[in-house]
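Residues per chain, in single letters:
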Amino acid sequence: MISSLIPTWLAQSPTIEELDSKLALDTQILTETFYFWTVVIMWLIHVGFMAYEAGAARRKNIMSTAMKNILTIAVVTPTFYYFGWYIYGCFQEGWPKSGHASPDAFEGFCGATAPWSAQMGPNLQDHVSAVFFLAFLLFSWTTGSIMSGALIERVRLSAYLVLTAVLGSVVWILDAAWGWSSGGWLTTRYGFHDAIASLVVHGVAGAFAFGVLLNLGPRIGKYTTDGLARTFRGHNTHLTLMGLMLIFTGFYGFYAACLVIQSTIFPGWLNIYGSPTTLGAIAFVITIGFAGGFTGGWFASKGDPFWTLSGGLAGVIAVSAGADVYHPSLAYLLSISGGMLAVWAGGYIEKKLRVDDAVGAVAVHGVCGFYGVLLVGIFAGGYPTGINNVPTSFGGQLMGMMAFLPLAFLPGYAISWILKKMNLLRVPAEVELEGLDLAEFGQDFYPEFERVPEIIIEPDGREVESAPVLLDAYWQTNGTPKTPVGVGERS
Amino acid sequence: MFDAFPYDEWGEDVADFWTFGGHNSTGTWILTVLGFTVMLVAFWGFFILENRKLAHQADRLKASGALDRPSTTTGPEA
């Protein structure tokens with residue numbers, strides 16, 4: 001009976017070619033599904049940034065702070081679609097092209113990134129391009145969100161939106177083309193290695209934000225005439241810490257999306273440069289990176305809750321560049337140093353440089369982003385990176401840092417300078433004193449809760465009512481706050 | 001059962017359709033230019049709308065006297 005069925009079964013069995021075709025399709029759909037879910041998880045980064053920054057804002061600036069994060073999506077998405085992705089696809093060899101031999105791992109990729117190409121629309125034959133684009137788009141939002149926290153409580157929303165579009169759709173994606181792609185000239189020529197984007201996302205966003213902060217200036221009353229820093233108390237520290245935890249959750253999606261998987265073409269996981277790695281290796285490093293970062297942040301800040309959690313972020317950023325290479329024990333030690341570095345750098349930026357970075361973004365993302373790339377040069381020198389197998393080296397890492405520092409800082413500084421000259425960078429001083437929410441939205445966002453006097457912490461630790469202090473600061477500058485940055489008597 | 005599902009045939013029909021045509025078509029170009037233009041107008045709108053709100057509120061606050069110079073100050077701090 002059964003033997004009589006075998007010829008029928010054999011006749012119905014697919015050929016090897018048909019099986020190959022089905023396997024290829026299944027693999028593409030697996031890739032598509034993988035990146036889709038990384039995008040979903042990465043949304044949590046933006047939920048987190050919104051909560052984090054809104055919690056750090058005073059009650060009078062909650063919605064104006066959150067709206068920046070929301071509208072980041074509204075402006076970075078179309079700009080990235082219309083020209084950002086094209087920059088990534090077509091500028092990997094530098095601009096103008098350097099003429100060096102740079103093998104293209106994905107031939108024809110440049111043409112596929114134009115908004116009118118077949119890959120940038122509905123396409124039944126292509127399961128990968130759209131989700132790959134979306135993963136990069138989420139990285140772009142992240143760069144904007146990194147900057148956004150630094151500028152809160154005095155930047156104009158519209159000015160921020162222009163700055164974030166430039167950062168998210170030009171600056172970071174150009175540096176990604178150069179140093180975070182299979183054909184990027186920094187990698188194919190110098191072995192530049194930044195596997196999970198310590199510098200290309202975090203460091204660059206921090207440097208850009210620093211340039212903007214120099215023109216934006218500190219919040220009214222942030223510094224005494226002696227140049228000593230006061231502390232503004234955020235309206236909800238729990239919200240800030242919850243936001244940071246959401247960012248951490250989203251980071252797992254971010255980490256995963258930094259890898260390439262297409263198992264019928266490659267035998268396994270690759271990093272962005274085309275070098276083999278595993279999802280487990282990077283998940284190991286991010287997890288132990290948080291542990292080390294929290295520890296470093298805790299001890300360096302003597303247990304400050306904000307800096308303990310920010311230290312976790314800084315720790316992960318410090319080990320991200322080498323997350324595909326590091327042993328977990330090494331990652332633990334390095335991330336402790338990253339968490340501590342962020343605390344010290346944050347204090348230096350606030351108290352010595354007198355740059356009012358409201359959430360420590362320059363220290364956590366900027367300083368630790370550059371630090372992470374430097375660490376790869378020290379601890380992973382010789383690792384063969386990319387499709388040319390160029391050994392990673394301290395010099396190659398320095399080359400990347402020297403390329404990206406001006407690439408990030410100068411546009412941030414120049415564009416914010418132009419906006420400042422046009423009086424479009426900062427809200428009027430009167431609006432800043434009253435709070436941006438009433439001017440922008442005409443309402444208080446805790447209507448059922450009684451208003452209590454806002455508190456400010458003086459440099460000597462005294463908590464005083466802020467209204468007279470801020471009003472005094474407003475009048476001492478004739479209503480036009482131009483508190484100089486890095487100038488004045490220090491004590 | 002699934003082998004009998006006419007996905008390929010339907011897929012070809014669908015691929016011929018896409019809104020306003022496929023890649024590099026005139027329709028796609030027009031849509032791209034329109035979208036890009038709307039994006040630029042939105043940027044301009046963000047500036048205009050916000051500037052109007054901020055200027056109005058700043059004028060109102062100045063006129064209200066709420067920010068008049070205090071009679072006594074808290075010290076040599078600014």
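Residues numbered from 1 in each chain as written. Chains lettered and ligands numbered in written order. Predicted model: local features only at pLDDT ≥ 70, side-chain atom pairs only at ≥ 80, totals over all residues. Heavy atoms only, no water.

**Description of the overall build of chain B**
Reasoning step 1: Scanning chain B from terminus to terminus reveals two helices and zero strands.
Reasoning step 2: In chain B, which comprises 78 residues, the share counted as buried stands at 21%.
Reasoning step 3: Of the roughly 5900 Å² of accessible surface on chain B, 66% is carried by carbon and sulfur atoms. (Helix = DSSP H or I, 4+ residues; strand = E, 2+ residues; numbered from the N terminus. Buried < 20%, exposed > 50% of the residue type's maximum accessible area, 1.4 Å probe, protein only. Areas by Shrake-Rupley, 256 points an atom, 1.4 Å probe, with all protein chains shown as cover.)

**A word on the packing of helix 10 (residues 279-300) of chain A against helix 12 (residues 328-352) of chain A**
Residues and elements named next belong to chain A.
Reasoning step 1: Axis separation between helix 10 and helix 12 bottoms out at 6 Å; the angle between their running directions is 40°. Taken together, helix 10 and helix 12 sit at an angle that is classed as oblique. The handedness of the crossing between helix 10 and helix 12 comes out as right-handed. Side by side, helix 10 and helix 12 meet where F284, V285, I288, G289, A291, G292, G293, T295, G296, G297 and A300 of the first sit next to P328, A331, Y332, S335, I336, G339, M340, V343 and W344 of the second.
Reasoning step 2: Residues that form the contact of helix 10 with helix 12 fall into these classes: 12 nonpolar, eight polar and no charged. (Axes fitted to C-alpha atoms, helices over the stretch in contact; angles between N-to-C directions. Parallel < 35°, antiparallel > 145°, perpendicular 65-115°, else oblique. Left-handed = near helix turned anticlockwise from the far one by under 90°. Contact = heavy atoms within 4.5 Å. Nonpolar A, V, L, I, M, F, W, Y, C, P; charged D, E, K, R; others polar.)

**Thoughts on the interface of chain A and chain B**
Reasoning step 1: Listed per partner, the contact involves 46 residues of chain A and 35 residues of chain B.
Reasoning step 2: Taken over both partners, the interface formed by chain A and chain B buries close to 3600 Å², and the fraction arising from carbon and sulfur atoms is 67%.
Reasoning step 3: Between A:E434 and B:R60 there is a salt bridge; the shortest N-O distance is 3.1 Å.
Reasoning step 4: Those elements that place two or more of their residues in the side of chain A that touches chain B are helix 3 (62-90), helix 6 (157-179), helix 15 (429-434), helix 16 (436-441) and helix 17 (466-476) of chain A.
Reasoning step 5: In terms of residues, the side of chain A that touches chain B owes the most to one element, helix 17 of chain A, which gives eight residues.
Reasoning step 6: Residue composition of the side of chain A that touches chain B, grouped by class: 30 nonpolar, eight polar and eight charged. (Buried area = accessible area lost by both parts, 1.4 Å probe. Salt bridge = Lys/Arg side-chain N within 4 Å of Asp/Glu carboxyl O.)

**A word on the packing of aromatic side chains**
Residues and elements named next belong to chain A.
Reasoning step 1: In this structure the tally under the stated criterion is 43 aromatic pairs over all chains.
Reasoning step 2: Geometrically, the ring pair formed by F306 and W307 is edge-to-face, given 5.5 Å between the ring centres and 85° between the ring planes. For the pair shown, F306 and W307 are each scored as buried.
Reasoning step 3: Over the aromatic face of Y160 sits the side chain of K68, whose NZ or CZ is 5.2 Å from the ring centroid. (Phe/Tyr/Trp six-rings, centres within 6.5 Å; stacked < 30°, edge-to-face > 60°. Lys NZ or Arg CZ within 6 Å of the ring centre and 35° of its normal.)

**Looking at unusual backbone geometry**
The phi torsion of most residues other than glycine is negative, and most of the peptide bonds are trans.
All names here are of chain A.
Reasoning step 1: Positive phi, normally seen in glycine, also occurs at A197, with a value near 70°.
Reasoning step 2: Checked against the element boundaries, A197 lands in the loop between helix 7 (185-190) and helix 8 (198-216).
Reasoning step 3: Phi is positive for K302, which is not a glycine, with a value near 60°.
Reasoning step 4: Tracing the backbone shows K302 in the loop between helix 10 and helix 11 (305-320).

**Overview of helix 13 (residues 361-379) of chain A**
All names here are of chain A.
Reasoning step 1: For helix 13, with 19 residues, the first-to-last C-alpha span of 25 Å sits near the 27 Å given by 1.5 Å per residue.
Reasoning step 2: The sharpest bend along helix 13 comes to roughly 30°, located at C368.
Reasoning step 3: Of all 19 residues that make up helix 13, 14 are buried, and the element is covered over most of its length. (Expected span 1.5 Å × (residues − 1). Bend = angle between axes of the 7 residues up to and from the residue.)

**Here we look at a negative patch on the surface**
Reasoning step 1: Residues B:D8, B:E9, B:E12 and B:D13 make up a contiguous surface patch of negative charge.
Reasoning step 2: Locating B:E9 in the fold gives a position in helix 1 (residues 7-15). (Patch = residues over 30% accessible without salt bridge, like charges linked within 9 Å, V, L, I, M, F, W, Y side chains within 5 Å. Lys, Arg positive; Asp, Glu negative; His and termini not counted. Charge placed at Lys NZ, Arg CZ, Asp CG, Glu CD.)

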